[in-house]
Amino acid sequence: MAPADAPLLRRYRALRRWPGGAWLFSRLVCLRAPYFASIAPRVERLAAETCEVAIRDRRAVRNHIGTVHAIALCAMAELAAGLLAEAGLPPGMRWIPKGMSVEYLAKARGRMRATAVFAEPPRVAAEGYALPVEVMVRDPAGAAVFRARIAMWVSPRPGVAARDRSSA
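Treat the numbers as computed from the prediction; the structure is a model and nothing was measured.

## Re the packing of aromatic side chains
Under the counting rule described, the total for this entry stands at 3 aromatic pairs. Where Tyr12 meets Phe25, the ring centres are 5.2 Å apart and the plane angle is 75°; that geometry is what we call edge-to-face. With Tyr12 in helix α1 (residues 7-16) and Phe25 in helix α2 (residues 21-32), this residue pair connects regions lying 13 residues apart in the sequence. Classification of Tyr12 by relative accessible area gives buried; the value is 6%. Taking the relative accessible area as the measure of exposure, Phe25 reaches 2% and is therefore buried.

## What to know about the sheet that holds strand β5 (residues 129-138)
Read across the open sheet, the 6 strands follow the order β1-β2-β4-β5-β6-β3; overall the sheet is antiparallel. Lying at the two open borders of the sheet, with one neighbouring strand each, are β1 (42-46) and β3 (93-104). Averaged over all pairs of adjacent strands, the angle between their axes in this sheet comes to 20°, without regard to strand direction. In this structure, β1 lies alongside strand β2 (residues 51-55), joined through 4 bridges in antiparallel fashion. Bridge pairing in β2 places Arg42 opposite Ala54. Strands in contact with helix α3 (residues 70-88) are β1, β2, β3, β4 (112-118), β5 and β6 (144-156); relative to β4, the strand with the most contacts, it is inclined by about 40°.

Parameters and conventions
- Residues numbered from 1 in each chain as written.
- Predicted model: local features only at pLDDT ≥ 70, side-chain atom pairs only at ≥ 80, totals over all residues.
- Heavy atoms only, no water.
- Phe/Tyr/Trp six-rings, centres within 6.5 Å; stacked < 30°, edge-to-face > 60°.
- Helix = DSSP H or I, 4+ residues; strand = E, 2+ residues; numbered from the N terminus.
- Buried < 20%, exposed > 50% of the residue type's maximum accessible area, 1.4 Å probe, protein only.
- Pairing = 2+ DSSP bridges.
- Axes fitted to C-alpha atoms, helices over the stretch in contact; angles between N-to-C directions.
- Contact = heavy atoms within 4.5 Å.

Here's what the structure looks like:
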């Protein structure tokens, strides 16, 4: 099974064909990981090599100065990186975030869009390894307002024989 056949990608593609499918997929993601519902994300693009998530500028995600809160941007970045990892890792591999470094580049106003990409191609391995994911958040004008580098720890799934991973 190639990453393009990942169950998450199949579900995403199936739902996107229907009116309201993107909204439904985004809600299902939040049911699986309830914390992310706090930012009301919309998964706009999901592929094995990239993920785009957007959030609206609304009172629930604003700070005391009226801009999108730093933690809402962090949550959006972590969601985009996690969806990318789930969609893009080779079969037999699993992931967990181990850390995140962030830079706030400008005030975040308006609808934010996060784009996550792997810093290097994911690979099958017999041992765990670090896989960085780069996330850039842009405002409606396309200006970068936030950048994150999320350290994913990728390791073999328990119970998956090494020969099964190597045939992927």
